[in-house]
Amino acid sequence: MALVRYGTATGRWVLLATVLGSSLAFIDATVVNIALPAIGRSLGAGAAGLQWTVNGYGLSLAALVLLGGALGDRYGRRRMFQLGVGWFAASSLLCGLAPTTGLLIAARVLQGMGGALLTPGALAILEASFVREDRSRAIGAWSGLAGIGGALGPFLGGWLVQVATWRLIFLINVPLALVVMAVAARHVPESRDSAVQGSGVDVAGVLTGAAGLGGLTYGFTAWPVHGPGSPVVLVSLVVGVAGLISFVVAERRSAHPMLPLDVFRSRAFSAANVVTFLVYAGNGGVFFLVVLNLQVVAGFPPLTAGVALLPVTVLMLLLSARAGMLAQRIGPRIPMTFGPLVCAAALVWLARIGPGASYLTDVLPPVVLFGLGLALLVAPLTATALGALGDARAGIASGVNNAVARAAGLLAVAVLPLAAGLGGGSLTEAGDLGPTYRNAMLLCAGLMVTGSAVAAVFVPRRLHPPEEAEPVAEGAPVPQRFCDPAGPPRCPHPDRA
């Protein structure tokens, strides 16, 4: 297939399709929180029902995102991306028409499955469609533009709930999804991994991987509600650990594994995912606790607290593509080392927000600093995670990196309040939340510093992905891959600094 350049018309259409598709999943991960009170009144849902309206989506998405990346590599990334968008649209329609809480939760689980297909597909398409020298810039632009979708979600959701009905936050996905599918069908090139094309689905890997990720996600989600000694929590965590161990065993034995374990022989890929876990765990704590602290402790109204972190999105939109270009020129190690350090400094500053805080003097400066750090970090980090394995394995790389990021965020929300000393206190009481928030911000800063150290030591100065055949276009003969990052000495090692 012919690779495209960033500034061409085709390149812009590819970027538009992936940004809009990703934004569908990003918006629905945040906008539902705004509508929960209205959903509760409309359907008579209790606290548990509302909780699982949110968690059902995240659970199925985290459990199946690896599968989504693997299916794209096997059967075509554009094909799986379109299937995911269509699935997401159909389940959104079911959400919007759901007459009961139980059916709404079931439809949200289906939504997460669609998100698991389209989310890794979007990044894999960028990695496989653009020429190598333009990929970091394209991923940077995707990071900034897709972030707008996540930031606009609460505004759009609040407006729709206020002027009409909560059902529109789901129904609006349907026409947007149709636009994405049409653009993708016309402008996005197809690609796949020639080494696994035509191989069957790794059933054992699918089941054990879903059990592992799903069990851990459910266990840590239920932990704050039921407590660490609850049989529900303990059984879920045991199932999760056993599932992940079984997953590793199954992948080692499979002729066509969903996650080839040799990908972790790439130092750059492994290091990028460790940094991803640490940084996104910190991010998960920040975006969950800062807005809550502004309302409960500092006394900000909900709308002001909700827009307090908007400068982060604006800065990422303006600077992410430039950060990607910078990493392309100087290599990923420097921005991946200094970006988390800037974020850590901002979090130490944010930890000081307390009663009577002023937005302009106490909140805005550290938020801007945090946005600058993320803008420097995210695009090089994503480009390294995707580029370390080469074009053919872009789906696997994207699936792993998405799974790591989402698992880190879920674990942070569940574990950070406990680790910060909340104990039996309440996140809605200022006396309990104040010290918990300060401790949590310092813990998040520590995660960022650790991520910086990992990047400085293990991320190569220059990324040298394996030389390989181009991704296979529709109807084209299957080329032979001639370079394996774990292969014999004739193949240059991709991680040589």
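Within every chain, residues take consecutive numbers counted from 1 along the sequence as written. This being a predicted model, a pLDDT of at least 70 is required before a residue's local features are given, and a value of 80 or more before pairs of side-chain atoms are given or counted; all residues contribute to the totals for chains, interfaces and linings. Water and hydrogen atoms were dropped before computing side-chain values, which therefore reflect all heavy atoms in the structure.

Brief notes about the overall build of the protein chain
Numbering of helices and strands runs from the N terminus; a helix is a DSSP stretch of H or I covering at least four residues, while a strand is a stretch of E covering at least two. Along its length, the protein chain carries 16 helices and zero strands. Type-normalised accessible area, obtained with a 1.4 Å probe on protein chains alone, sets the label of each residue: buried when under 20%, exposed when over 50%, and partly exposed for intermediate values. Considering the protein chain as a whole, with its 497 residues, one finds that 56% of them fall into the buried category. Note on contacts: a residue pair is in contact if any heavy atoms of the two residues lie within 4.5 Å. Of the contacts made within the protein chain by residues no fewer than 6 positions apart, 84% connect residues no fewer than 24 positions apart.

Observations regarding the environment of Arg74
Along the chain, the position of Arg74 falls in helix H2 (residues 47-75). Its relative accessible area of 3% is what places Arg74 among the buried residues.

Some details on the nonpolar core
Residues grouped as a nonpolar core are buried Ala, Val, Leu, Ile, Met, Phe, Trp, Tyr and Cys residues, joined through side-chain atoms within 4.5 Å. Counting residues in hydrophobic clusters, the biggest one holds 108 residues, and the most contacted among them are Leu294, Leu347, Phe370 and Met441. Ranked by the residues each element gives to this core, the list is headed by helix H10 (residues 267-296), at 13 residues. Other than its neighbours up to four places away in sequence, Met441 contacts Gly285, Val286, Leu289, Val290, Leu347 and Ala351. If you look at the next biggest cluster of nonpolar residues, it comprises 18 residues, including Ile27, Val32, Ala45 and Trp166.

Some remarks on the packing of helix H3 (residues 77-97) against helix H7 (residues 173-187)
Lines fitted to C-alpha atoms define the axes here, with helix axes fitted over just the stretch in contact, and angles between the N-to-C directions of these axes take values from 0 to 180 degrees. Their axes nearest at 9 Å, the elements H3 and H7 cross at an angle of 165 degrees. Taken together, the axes of H3 and H7 are roughly antiparallel relative to one another. The element H3 and its partner H7 pack so that their crossing is left-handed. Two secondary-structure elements touch here, H3 through Arg78, Phe81, Gln82, Val85, Gly86, Phe88, Ala89, Ser92 and Leu93 and H7 through Asn173, Val174, Ala177, Val180, Met181, Ala184 and Ala185. Any residue that is not Ala, Val, Leu, Ile, Met, Phe, Trp, Tyr, Cys, Pro, Asp, Glu, Lys or Arg is counted as polar, Gly included; the first ten are nonpolar and the last four charged. Within the contact of H3 with H7, the residues separate by chemical class into 11 nonpolar, four polar and one charged. With respect to orientation, any angle under 35 degrees is reported as roughly parallel, any angle over 145 as roughly antiparallel, any angle of 65 to 115 as roughly perpendicular, and every other angle as oblique. Here a crossing is called left-handed whenever its near helix is offset anticlockwise from the far helix by less than a right angle, and right-handed whenever the offset is clockwise.

Re a nonpolar patch on the surface
Within the patch definition used here, like charges are joined within 9 Å and nonpolar side chains (Val, Leu, Ile, Met, Phe, Trp, Tyr) within 5 Å, considering only residues with over 30% relative accessible area and no salt bridge. Only the protein chains shown count as cover for residues, with accessible areas throughout obtained via the Shrake-Rupley method and a probe of 1.4 Å. Salt bridge, as used here: a side-chain nitrogen of Lys or Arg that lies within 4 Å of a carboxyl oxygen of Asp or Glu. Together, Leu145, Leu310, Val314, Leu317 and Leu318 give the surface a local cluster of nonpolar side chains, amounting to about 360 Å² of exposed area. No other element matches the four residues that helix H12 (residues 310-330) contributes to the nonpolar patch. Assignment of secondary structure puts Leu310 in helix H12.

Let's talk about the packing of H10 against helix H16 (residues 430-458)
Where H10 meets H16, the axes come as close as 9 Å, and the angle between the chain directions of the two elements is 160 degrees. The angle between the axes of H10 and H16 places the two elements in the roughly antiparallel class. Here H10 and H16 pass one another in a crossing that is left-handed. For the contact of H10 with H16, the class distribution of residues is 22 nonpolar, six polar and one charged.

Brief notes about the side chain of Ser23
Tracing the backbone shows Ser23 in helix H1 (residues 9-43). Side-chain atoms alone can form a polar contact between residues adjacent in sequence; in general such a contact is a pair of N or O atoms within 3.5 Å, and within protein one must be able to donate a hydrogen while the other accepts it. A distance of 2.8 Å separates the side chain of Ser23 from the backbone oxygen of Val19, its partner in a polar contact.

Some thoughts on the environment of Val19
Looking at the secondary structure, you find Val19 in helix H1. As a C-alpha pair, Val19 and Trp142 span 123 residues in sequence and 5.9 Å in three-dimensional space.

What about the side chain of Ser60?
By the element assignment, Ser60 lies in helix H2. A distance of 3.3 Å separates a polar atom in the side chain of Ser60 from the backbone oxygen of Tyr57. When residues no more than four places from it in sequence are discounted, the contact partners of Ser60 are Arg108, Val109, Gly112 and Met113.

Observations regarding the packing of aromatic side chains
Only rings of Phe, Tyr and Trp enter the pairing, Trp through its six-membered ring, and a pair is recorded when the two centres are within 6.5 Å. The plane angle decides the type: under 30 degrees is stacked, over 60 is edge-to-face, the rest tilted. Enumeration according to the criterion identifies three aromatic pairs in this entry. Summarising the aromatic geometry, the rings of Tyr57 and Phe88 are spaced 6.4 Å apart at their centres and angled 80 degrees between planes, so their arrangement reads as edge-to-face. Of this pair, Tyr57 sits in helix H2 while Phe88 sits in helix H3, and the two are 31 residues apart along the sequence. Judged by relative accessible area, Tyr57 falls into the buried class, the value being 3%. With 5.6 Å between their ring centres and 50 degrees between their planes, Phe264 and Phe269 make a pair best called tilted. Using a relative accessible area of 36% as the deciding quantity, one classes Phe264 as partly exposed.

Quick notes on helix H9 (residues 231-253)
Between its first and last C-alpha atoms H9 spans 32 Å; for 23 residues at 1.5 Å apiece the expected length is 33 Å, and the two agree. When we look at burial in H9, the residues that qualify are Val233, Ser236, Leu237, Gly240, Gly243, Phe247, Ala250 and Glu251. Helices are assigned an expected span. That span is 1.5 Å times one less than the residue count.

Observations regarding the confidence of the model for the protein chain
Each residue gets a pLDDT score, which is the predictor's confidence in that residue and runs from 0 to 100. Averaged over the protein chain, the pLDDT score is 81; the fraction of residues at 70 or greater is 84%. For the protein chain, helix H11 (residues 302-307) is the element with the lowest average pLDDT, namely 70, and helix H13 (residues 333-350) is the one with the highest, namely 96. In the predicted structure, residues 468-497 sits below a pLDDT of 50 and forms 69 contacts with residues beyond four places in sequence or in another chain.

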